[in-house]
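Coordinates in review
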Amino acid sequence: VEFYANKKLFRIALFHFFLTISSSFLVMLLPLFYKELGASFIQIGLLASLFYLPQIFESYFSTIRNKHLAFVISLSLAVLLSIILFFSSNLYLLLLISFLLGLALSCIAPIIQGKAASYMPKAKTGKLYGMQFSMIHLASAIGPFFAGIVADGLGLRYIFIVSAAIYASLFILNVKKHII
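Okay, so let's go over this structure. Everything quoted here is computed from the prediction, not taken from an experiment.

1. Regarding the overall build of the chain
A count of helices and strands for the chain gives 8 helices and 0 strands. Computed over its C-alpha atoms, the radius of gyration of the chain comes to 16 Å, within 12% of the 16 Å expected for a compact globule of 180 residues. Each principal axis of the C-alpha distribution contributes one length, and for the chain these read about 50 × 35 × 30 Å. A total of 180 residues make up the chain; the buried ones form 42% of that total. Summed over its atoms, the accessible surface of the chain is roughly 9,300 Å², and 71% of this surface lies on carbon and sulfur atoms.

Below you can see the structure in the form of structure tokens.
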């Protein structure tokens, strides 16, 4: 109840929820997309590694001074890279885009988490983080299902456009509501 009553924290959690849904689209469908383009299993494994590798820099990203600027640039980059994925068919370019997209998303996560922590009373931080991460895990679970629906109806490439639309919507929402 306290989690939902804290409006600023709940807005950040919802923001992170939709960001995670969009990101989970890519985690599931990028390998399928690469396979459709004729990638080998080694290239598909490299793709996943390059997408996840930037997460090792999250602790560095949490120390960036101008977090708002880093957030805006990273979310804008996520929109742009998702659109490029829609149009691209070059496997090597896609590997680079996967790394850059992973880098952009890895920059966003600690900024969101830090902002969320600033709205949590110290005595309830564990419980409130637990609630926030439950929402994130739910998003990770349902995102691929919705991505599958879009892919079945429109084709794999359209996942990237839907993802770009979600990122763009989050960007506009942040500009209007100053969530982060």
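2. Observations regarding the layout of surface pockets
Space left empty within the atom packing is revealed by a probe, the size of a water molecule, rolled over the atoms. The computed volume of the largest pocket comes to approximately 470 Å³. Looking at the largest pocket, it is lined by 18 residues, and the ones nearest its centre are His16, Thr20, Ser23, Gln55 and Ile136. Mapped by element, the contributors of at least two residues to the lining of the largest pocket are helix H2 (7-36), helix H3 (41-52), helix H6 (91-118) and helix H7 (125-154).

3. Details of the packing of H3 against H6
Axis separation between H3 and H6 bottoms out at 7 Å; the angle between their running directions is 25°. Comparing the axis directions of H3 and H6 gives the class roughly parallel. For the pair H3 and H6, contact is made by Gln43, Leu46, Leu47, Leu50 and Phe51 and by Leu91, Tyr92, Leu95, Ser98, Phe99, Leu101, Gly102 and Leu105, respectively.

4. Section: the packing of aromatic side chains
One pass over the full model with this rule turns up 9 aromatic pairs. Among the aromatic residues, those joined into a ring-pair cluster are Phe86, Phe87 and Tyr158. The positively charged end of Lys35 is found above the aromatic ring belonging to Phe41, 4.3 Å away from the centroid.

5. Regarding the side chain of Thr20
Its place among the elements puts Thr20 in helix H2. What Thr20 contacts, discounting residues up to four positions off in sequence, is Ile136, Ala139 and Ser140.

6. Considerations on a positive patch on the surface
A contiguous patch of positive charge on the surface is contributed by Lys8, Arg11, Lys176 and Lys177. Every element with two or more residues in the positive patch is listed here: H2 and helix H8 (157-177). In this structure, Arg11 sits in helix H2. The class of Arg11 is partly exposed, set by a relative accessible area of 37%.

Rules used throughout
Every chain is numbered independently, its residues counted from 1 as its sequence is written. In keeping with the model being predicted, local features are shown solely for residues with a pLDDT of at least 70 and side-chain atom pairs are shown and tallied solely at 80 or more, while totals for entire chains, interfaces and linings include all residues. Only hydrogens and water are set aside; all other atoms, that is, all heavy atoms of the structure, feed into the side-chain values. Numbering of helices and strands runs from the N terminus; a helix is a DSSP stretch of H or I covering at least four residues, while a strand is a stretch of E covering at least two. Based on C-alpha atoms, the radius of gyration is set beside the globule rule, defined as 2.2 Å times the residue count to the power 0.38. Classification of residues uses two cut-offs on accessible area relative to the type maximum, computed with a 1.4 Å probe and protein chains only: under 20% is buried, over 50% is exposed, and between them is partly exposed. Methods summary: accessible areas were calculated by the Shrake-Rupley approach with a probe of 1.4 Å, and residue burial reflects only the protein chains presented. With a 1 Å grid laid over protein atoms only, a set of points is called a cavity when a 1.4 Å probe fits there but cannot get out and a pocket when it is open yet has protein on both sides within 12 Å along at least five of seven lines; lining residues have an atom within 4 Å of a point. Grid points are joined across faces, edges and corners, and a volume is the space filled by probe spheres set on the points. In this analysis, axes come from line fits to C-alpha atoms, helices being fitted only over the stretch in contact, and the angle between any two N-to-C directions falls in the range 0 to 180 degrees. Note on terminology: angles under 35 degrees are roughly parallel, angles over 145 are roughly antiparallel, angles of 65 to 115 are roughly perpendicular, and the others are oblique. Here, residues are in contact when the closest pair of their heavy atoms is within 4.5 Å. In summary, the pairing rule links any two rings of Phe, Tyr or Trp, Trp by its six-membered ring, whose centres are within 6.5 Å, and it sorts them by plane angle into stacked for under 30 degrees, edge-to-face for over 60 and tilted for everything else. Criterion for a charge above a ring: Arg CZ or Lys NZ at most 6 Å from the ring centre, at most 35 degrees from the ring normal. A patch consists of residues whose relative accessible area exceeds 30% and which take part in no salt bridge; residues with like charges are grouped when within 9 Å of each other, and nonpolar side chains (Val, Leu, Ile, Met, Phe, Trp, Tyr) when within 5 Å. Throughout this description, the term salt bridge denotes a Lys or Arg side-chain nitrogen within 4 Å of a carboxyl oxygen of Asp or Glu. Note on charges: Lys and Arg go in the positive column, Asp and Glu in the negative column, and His and the chain ends are not counted at all. Working definition for charges: the position is that of NZ of Lys, CZ of Arg, CG of Asp or CD of Glu.

Everything listed is a geometric property; what it means functionally is a separate question.
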